[in-house]
Amino acid sequence: MAFSTLAYMERYDYENLLVCQDRSVGLKAFIAIHDTTLGPATGGCRMWPYASEDEAIEDALRLARGMTYKYAAAGVNLGGGKAVIIGDPRTQKTEALFRTLGRFINRLGGAYITGEDVGTTLREMEYMRMETPYVVTLPRAWGGAGPISAATALGVLEGMRAALQWVFGNDDLEGHSVALQGLGAVGSELLPMLIEAGARVIVGDIDQEKVARATASFDVEVAPDLSRMHALDVDVYCPCALGGTINDDTVEELACRIVAGSANNQLYDESHGARLKERGILYAPDYIINAGGTIFDTDRLLPGGMNPERAMENVRRIGATTESIFRTAEDENIPTNIAADRFAERRITSVARAKAVDRAFTPEMR
Ligand code: NAD
């Protein structure tokens, strides 16, 4: 199935897609800007060895739209964007590459603000910050909130608890089984939280060192076949690696009661949310429960600047937001991913209306 960029952009009403290239540093990247109604398009910078240009573009677009909804639903005044770099983060990261991308981002004058994502770390954010102020995820010493994955993991845990409460009538993880796919920044923070809460965890990662570290530190099982983690007979399937793991090929194979994880864009497309509902599997919408890092990160934009206590309190509210989305989905008999989208869209529409009123009363017109 060929991917048509413009048709896809039109379908979901994207604003921009920018191509960034610099042969001397080996930079090949795309920046997608989805919607700037609530504020500048913001979203992490991902580095991944994409097999093709189309695959990278599709990922950038899909992720950018996810960010629009994530910020809207989390009550943050930012729009959705994303940058993706084609390259292997283990071997191709250089200061020059990230500084070059930083300069391209700077050219956009604040229309896009970048941050950390899969394949990038705070170190690369420092390089970009040397070239542009439009970097949100930064170390504390650089004025940022520091590492955010612990906040993301906490939000996922809160969302998972809300799902357990909904399905089993109790939010206790004790004795429940969780298939934790991916032991990266988020997965490695979530794992001790799950163990501490008494869950039985089955882990998997393509990086055997991470798996070895997990088995050395915790009493966990290892998934026998990574490509079939989605099909494990567990209470919770927790995707914390890449998106799209719930697709035409996998959706019928899921054997869990709940899907709750940090990965962005877990559903390949909306139809898979509907299919999960038909199959009686509760899906905790990705961008609702993985917003913890975002909420933590952007706390410094609130009155008084960064306040970690307030930030974590807001992260814990993810549980209540998730529950209200389950309720809407049940009341309106719609899949949970659609209930989440409506929740976010309502906020975008109401803020757009408020902004329109504001514009109507600019000083020149009074
Ligand atoms: P990461 O790169 O640190 O970790 C991803 C992990 O997944 C790596 O260890 C990688 O080896 C593993 N992996 C890749 N393919 C796999 C596969 N097929 N099977 C099993 N493991 C595989 O990234 P992260 O920051 O932990 O993010 C994980 C997911 O959560 C991503 O989708 C990301 O967009 C999303 N997310 C992260 C944050 C955050 O705070 N870091 C916030 C919101 C959403």
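Since the model is a prediction, treat every value here as computed from it, not as a measurement.

1. Comments concerning the nonpolar core
Formed by 56 residues in total, the largest nonpolar core has its most connected members in Met 160, Leu 173, Leu 180, Leu 190 and Leu 194. Per-element tally for this core: the top contributor is helix α5 (residues 149-168), with 9 residues. Ignoring sequence-local partners within four residues, the contact set of Leu 173 consists of Leu 157, Met 160, Arg 161, Leu 164, Val 178, Leu 194, Ala 197, Gly 198 and Ala 199. Leu 27, Ile 33, Met 47 and Leu 97 belong to the second largest nonpolar core, which has 22 residues in total.

2. Structural notes on the sheet that holds strand β9 (residues 221-222)
As summarised here, the arrangement of the 6 strands in space is β9-β8-β7-β10-β11-β12, forming an open sheet in which the pairing is parallel. Sheet topology places β9 and β12 (282-283) at the edges, where each strand pairs with a single neighbour.

3. Considerations on the pattern of salt bridges
By the definition in use, this model includes 19 salt bridges. Through salt bridges with shared partners, a single network forms among Arg 46, Asp 59, Lys 82 and Asp 117.

4. Comments concerning the environment of Ala 74
Position of Ala 74 relative to the elements: it lies in helix α2 (residues 53-74). Take Ala 74: its relative accessible area is 26%, and that puts it in the partly exposed class. In the structure, Ala 74 is positioned 215 residues away from Ile 289 in sequence and 9.5 Å away in space, judged by C-alpha atoms. For Ala 74, the residues in contact, after removing those within four places along its chain, are Ala 291 and Ile 295.

5. Structural notes on empty space enclosed by the protein
Scanning the entire structure with this criterion turns up 1 cavity of 30 Å³ or more. Volume-wise, the largest cavity comes out at about 40 Å³. Along the walls of the largest cavity sit Leu 63, Gly 66, Met 67, Lys 70, Asn 264, Asn 265, Asp 286 and Tyr 287, which together make up its complete lining. Partitioning the lining of the largest cavity into residue classes produces 3 nonpolar, 3 polar and 2 charged.

About the thresholds
Residues numbered from 1 in each chain as written. Predicted model: local features only at pLDDT ≥ 70, side-chain atom pairs only at ≥ 80, totals over all residues. Heavy atoms only, no water. Core = buried A, V, L, I, M, F, W, Y, C linked by side-chain atoms within 4.5 Å. Buried < 20%, exposed > 50% of the residue type's maximum accessible area, 1.4 Å probe, protein only. Helix = DSSP H or I, 4+ residues; strand = E, 2+ residues; numbered from the N terminus. Contact = heavy atoms within 4.5 Å. Pairing = 2+ DSSP bridges. Salt bridge = Lys/Arg side-chain N within 4 Å of Asp/Glu carboxyl O. 1 Å grid on protein atoms, 1.4 Å probe; cavity = no way out; pocket = protein on both sides within 12 Å on 5 of 7 lines; lining within 4 Å. Points joined across faces, edges and corners; volume = space filled by probe spheres on them. Nonpolar A, V, L, I, M, F, W, Y, C, P; charged D, E, K, R; others polar.

So, to be careful, I would describe these as geometric facts and stop short of saying anything about function.
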